[in-house]
Structure formats: C-alpha cells, structure tokens
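Chains, contacts and geometry: an overview
So you can see what is in the structure, the chains are spelled out below.
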Amino acid sequence: MASSSLSRLEKIVLQDRDSITFEIDELVAKQSVTIKHMIEDILANRGPILLSKIPSNILVKVIDYCKCIFTQPPTDVLDMIKRKDPEHICKIFNITLDFSP
C-alpha cells in the first residue's frame, strides 16, 4: 500500500552548489523544514530548488535522512538515537564529522 502511494507523489528537483540535481518525492523533501519552506516559496515556479551553499555529499545525507523520517514514524527514529552519544548517532546515520573548510 505504501509503495503505490509513493509512486503517485509529486516529484521535485533539488540542485546543490555543484549544479548536481536530485529528483525526489515532494513529501520526502518536506521532511526538512528548510527545504519545505523553499518549496512553498518557489511552488509557482516549479523549477529546481537551488541549494547553492550545500555540497552534494551533504545533500545526499539530508535526502537519506528525509527518506528515513518519511518511511519510519518519528518515534522509531527517536528510539534509535535515544540515550546515545553523538559519535554513536553519527555511526547510525553514516555521518562523517569533517569540520575542514
């Protein structure tokens, strides 16, 4: 049932700072509040959502996280990270902490 409803979702295009585009379901993208507001602001245009300050490796992680939130109830995700230290949470979501410019 979920897969048939997912196939009918409106698609949007996100474009990172390297001009790489990602086509994803709008409801999945709206799991990010920032992207949700950008979609609402650009809704009439229906062009790519330009995320000019975000590199593709970070945007991929944001999209993966949004997919995770969309497919799992938030309580499941909260249970995954509850009482875990930041290093363990990074391992769960495959996040590399790289603070170099």
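The sections below set out a description of the structure shown in this document. Bear in mind that the values here come from a model prediction, so they are computed numbers and not experimental data.

**Examining the pattern of salt bridges**
- Counting across every chain of the model gives three salt bridges.
- Close ionic contact of Lys11 with Asp25 constitutes a salt bridge, the shortest N to O distance being 2.9 Å. Within this pair, whereas Lys11 is found in strand 1 (residues 11-15), its partner Asp25 is found in strand 2 (residues 21-25), the two being separated by 14 residues in sequence.
- Classification of Lys11 as partly exposed rests on a relative accessible area of 41%.
- Relative accessible area serves as the criterion here: at 12%, Asp25 is assigned to the buried category.

**Some details on the packing of aromatic side chains**
- Scanning the entire structure with this criterion turns up one aromatic pair.
- Ring centres 5.8 Å apart and planes at 70 degrees place the aromatic pair Tyr65 and Phe93 in the edge-to-face group. Linking Tyr65 in helix 4 (residues 56-71) with Phe93 in the segment after helix 6 (86-92), this pair joins segments that are 28 residues apart in sequence.

**Re the pairing of strand 1**
- Bridge count between strand 1 and strand 2: five bridges; the pairing is antiparallel. Note that in strand 2 the partner of Leu14 across the bridge is Phe22.
- What sits between the antiparallel neighbours strand 1 and strand 2 is a turn of five residues, in which Ser19 has the positive phi angle 65 degrees.
- Pairing geometry for strand 1 and strand 3 (residues 49-50), over two bridges, is parallel. Counted as the bridge partner of Gln15 is Leu50 from strand 3.

The rules behind each value
- Residues numbered from 1 in each chain as written.
- Predicted model: local features only at pLDDT ≥ 70, side-chain atom pairs only at ≥ 80, totals over all residues.
- Heavy atoms only, no water.
- Salt bridge = Lys/Arg side-chain N within 4 Å of Asp/Glu carboxyl O.
- Helix = DSSP H or I, 4+ residues; strand = E, 2+ residues; numbered from the N terminus.
- Buried < 20%, exposed > 50% of the residue type's maximum accessible area, 1.4 Å probe, protein only.
- Phe/Tyr/Trp six-rings, centres within 6.5 Å; stacked < 30°, edge-to-face > 60°.
- Pairing = 2+ DSSP bridges.

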